[in-house]
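Residue strings, one per chain:
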Amino acid sequence: MNRQKIAVYWEKLCEGISALHKRGFFHIIAGSTLAKIAGFVSVFFLPRFLSKADYGLLTYVDNIRNYVMLFNGIGITQATLRYCAQKGSDEEKKGYFLASLKVGILADAAIILLTAAAYLVAPLPFEGARFQLLISACLPVFYFLFTDIQLLLRATFQNQRYSVYNFTYSFLLMIFQIVFAVLWGVTGVMVGRYISMGLCVLLGFLLIRDLPMMQVKALMPDWGQVKAMMLFSIVMLSASATSMVMSYNETFIVGQMLKNEELLAEYRVAANILSISLFLLEALLVFILPYFIQHIGDRKWIWNSYKKLFAINGVVMTLFHLGLFLFAKLYLYIFAGPEYMGAAPLVRMFLIASWIQAVFRGLSGNILAVTGEEKFNLKINIIFVIVHAVIDIAAVKILGIYGAAIALIVVYLLSGLIMNLHLRNICNSQTGRDRT
């Protein structure tokens, strides 16, 4: 009997793996892994090609630019994912995609003009920051085009092309950033970004030009539909921005309060571990979110699927983070160099925050966002951005750079628990109504 049960379980496992393979799950995992490896080499080896002061300057400039990127294209790329993943004709999908391009490009043109003017007059604490900000002012429009094409490939379930595109972007960014950093320092990093993004935009249009939806005449959405797209995008952008702004605020607070480029560089090297530890979650979200969008009205399916994903994700993330925790010093030695070895305790503190984000917050928050609860996400994130800023300022003032990690741990834990409870409540409430 036991052998029969084992045989049945094995057969189900094989069927599950086969189904995932047909749906392109392993293409996404492989592509995301290769892309992250290339991204890690680009980001984490940069401290070896720049002086500590230059890397601190780059960290400050990138953090200011990250604030600007929160408003990139007013978030219209999320409308591409949602409206092109839903059932509909190819003519409608092409119309939504073209509308997103028009809205995003116009929004970015305004952003470029406004930010360039601000960079010219704003007081900046680091020498050279103004010049670097000005030459990077046009990057948002390149990144918008790359992201919109990327999400169109995912929305139309072109998983293999999505993976190739994602990896190509990271690989080109790695090569050009490092090569030009060696030649021209921080300025070279900016030049490398323009070249890699420009090439990827060209590649993206080549990858989508033969899609079935691109072969038909577009049925453009009317003004009411465009307004609905923009409203959805702004809500999604606001929820996403308020979530990401926590880490940006930390870098800004550390830079403004400590006013030390080398300490800021040490903080950035330690905080980079957050992106390493989340790449598995990002790959999982890329794969699952279109399916949750298709079941947007079926709360029972959403909750049952979420429980399974939560368990699997929890086990994988625990093992993954434990390995990174144990080898924190090796990570610093390889990627940053001996002068950063003192940041090992800070790396481990950020790993605790990362584990909480990956297990309790990231999965539930993204599922809520794409299944009709984006306004709840926005409210929670706004509240916790304020809470985080207050805790962060106090903690950094008392504990220095270690206070930044503590603030992130507290806020991620509280907000993650609230998101999980809300997801459970809304799903169970519909299930209860269905039974009656």
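None of the values given here were measured: they were computed from a predicted structure.

### Section: the overall build of the protein
Inference 1: A tally of helices and strands in the protein yields 18 helices and zero strands.
Inference 2: Within the protein, the proportion of its 436 residues that are buried is 53%.

### A word on the pattern of salt bridges
Inference 1: The tally for this structure, following the rule as stated, stands at three salt bridges.
Inference 2: Between Arg193 and Asp62 there is a salt bridge, with its nearest N and O atoms 2.7 Å apart. Taken together, the residues span a long stretch of sequence, with Arg193 in helix α9 (residues 159–208) and Asp62 in helix α4 (residues 52–69) at a distance of 131 residues. Each of the two residues, Arg193 as well as Asp62, counts as buried.
Inference 3: For Asp210, the salt bridge goes to Arg161, with nearest N and O atoms at 2.6 Å.

### Concerning helix α14 (residues 299–326)
Inference 1: With 28 residues, α14 should reach 40 Å at 1.5 Å per residue; the first-to-last C-alpha distance of 39 Å fits that figure.
Inference 2: Residues of α14 that are buried: Arg299, Ile302, Trp303, Ser305, Tyr306, Leu309, Asn313, Gly314, Met317, His321 and Leu324.

### Observations regarding a nonpolar patch on the surface
Inference 1: Together, Leu322, Phe325, Leu326, Phe327, Leu330, Tyr333, Ile334 and Ile352 line one region of the surface with nonpolar side chains, adding up to about 770 Å² of accessible area.
Inference 2: Broken down by secondary-structure element, the contributors of at least two residues to the nonpolar patch are α14 and α15 (328–335).
Inference 3: With respect to the element layout, Phe327 can be found in the loop between α14 and α15.

### A look at α9
Inference 1: Taking 1.5 Å as the rise per residue, α9 with 50 residues should run 74 Å; its terminal C-alpha atoms sit only 12 Å apart, a clear shortfall.
Inference 2: Along α9, the sharpest kink reaches roughly 150°, centred on Trp184.

### Brief notes about the nonpolar core
Inference 1: Ranked by size, the top nonpolar core spans 124 residues in total, and within it Phe97, Ile288, Phe350, Leu363, Ile367 and Leu423 carry the most contacts.
Inference 2: If one sorts the elements of this core by residue count, helix α16 (residues 344–370) sits on top with 15 residues.
Inference 3: If we ignore the near neighbours within four places in the chain, the residues touching Phe97 are Thr80, Cys84, Asp148, Ile149, Leu152, Ile208, Met213 and Met214.

### Side note on unusual backbone geometry
Inference 1: For Ile74, which is not glycine, the phi dihedral falls at a positive 45°.
Inference 2: Given a relative accessible area of 22%, Ile74 falls into the partly exposed group.
Inference 3: Look at Phe157: it is not a glycine, yet its phi comes out positive at around 60°.
Inference 4: With respect to the helices and strands, Phe157 occurs in the loop between α8 (139–155) and α9.
Inference 5: Overall, the relative accessible area of 29% leaves Phe157 in the partly exposed class.

### Considering the packing of α16 against helix α17 (residues 374–399)
Inference 1: It is the contact of α16 with α17, at a shortest axis distance of 7 Å, that shows an interaxial angle of 135°. One way to sum up the angle between α16 and α17 is to call them oblique. Between α16, through Arg361, Gly365, Leu368 and Ala369, and α17, the contact on the second element is made entirely by Glu374, Phe376, Asn377 and Asn381.

### Details of the packing of helix α5 (residues 77–85) against helix α6 (residues 90–121)
The description of two packed helices rests on the angle between their axes and on the distance between the axes.
Inference 1: Following both chains from N to C, one finds α5 and α6 inclined at 175°, their axes separated by 9 Å at the closest point. One way to sum up the angle between α5 and α6 is to call them roughly antiparallel. In this structure, α5 contributes Thr80, Tyr83 and Cys84 to the contact, and α6 contributes Lys93, Tyr96, Phe97 and Ser100.
Inference 2: Along the lines of polarity and charge, the residues of the contact of α5 with α6 split into four nonpolar, two polar and one charged.

### Focus on the packing of aromatic side chains
Inference 1: All told, the structure shown has 15 aromatic pairs when counted by the stated rule.
Inference 2: A centroid spacing of 4.9 Å and a plane angle of 90° characterise the contact between Tyr60 and Phe126, whose relative ring orientation is edge-to-face. In this pair, Tyr60 sits in helix α4 while Phe126 sits in the loop between α6 and α7 (129–135), placing the two residues 66 residues apart along the sequence.
Inference 3: Residue class for Tyr60 comes out buried when judged on its relative accessible area of 6%.
Inference 4: Residue Phe126 is classed as buried on the basis of its relative accessible area of 9%.

### Things to note about the environment of Phe320
Inference 1: Locating Phe320 in the fold gives a position in helix α14.
Inference 2: Taking relative accessible area as the criterion, Phe320 reaches 24% and is therefore assigned partly exposed.
Inference 3: Linking Phe320 and Leu280, residues 40 residues apart in sequence, is a C-alpha distance of 9.3 Å.

### Overview of the side chain of Asn72
Inference 1: Positionally, Asn72 belongs in the loop between α4 and α5.
Inference 2: Take Asn72: its relative accessible area is 12%, and that puts it in the buried class.
Inference 3: Within the structure, Asn72 has its side chain in polar contact with the backbone oxygen of Pro140 (distance 3.2 Å).
Inference 4: With residues up to four places along the chain from it excluded, the contact list for Asn72 reads Asp108, Ile111, Pro140, Val141, Tyr143, Phe144 and Leu237.

What counts as what
Residues numbered from 1 in each chain as written. Predicted model: local features only at pLDDT ≥ 70, side-chain atom pairs only at ≥ 80, totals over all residues. Heavy atoms only, no water. Helix = DSSP H or I, 4+ residues; strand = E, 2+ residues; numbered from the N terminus. Buried < 20%, exposed > 50% of the residue type's maximum accessible area, 1.4 Å probe, protein only. Salt bridge = Lys/Arg side-chain N within 4 Å of Asp/Glu carboxyl O. Expected span 1.5 Å × (residues − 1). Patch = residues over 30% accessible without salt bridge, like charges linked within 9 Å, V, L, I, M, F, W, Y side chains within 5 Å. Areas by Shrake-Rupley, 256 points an atom, 1.4 Å probe, with all protein chains shown as cover. Bend = angle between axes of the 7 residues up to and from the residue. Core = buried A, V, L, I, M, F, W, Y, C linked by side-chain atoms within 4.5 Å. Contact = heavy atoms within 4.5 Å. Axes fitted to C-alpha atoms, helices over the stretch in contact; angles between N-to-C directions. Parallel < 35°, antiparallel > 145°, perpendicular 65-115°, else oblique. Nonpolar A, V, L, I, M, F, W, Y, C, P; charged D, E, K, R; others polar. Phe/Tyr/Trp six-rings, centres within 6.5 Å; stacked < 30°, edge-to-face > 60°. Polar contact = N/O pair within 3.5 Å; in protein donor to acceptor, adjacent residues only side chain to side chain.

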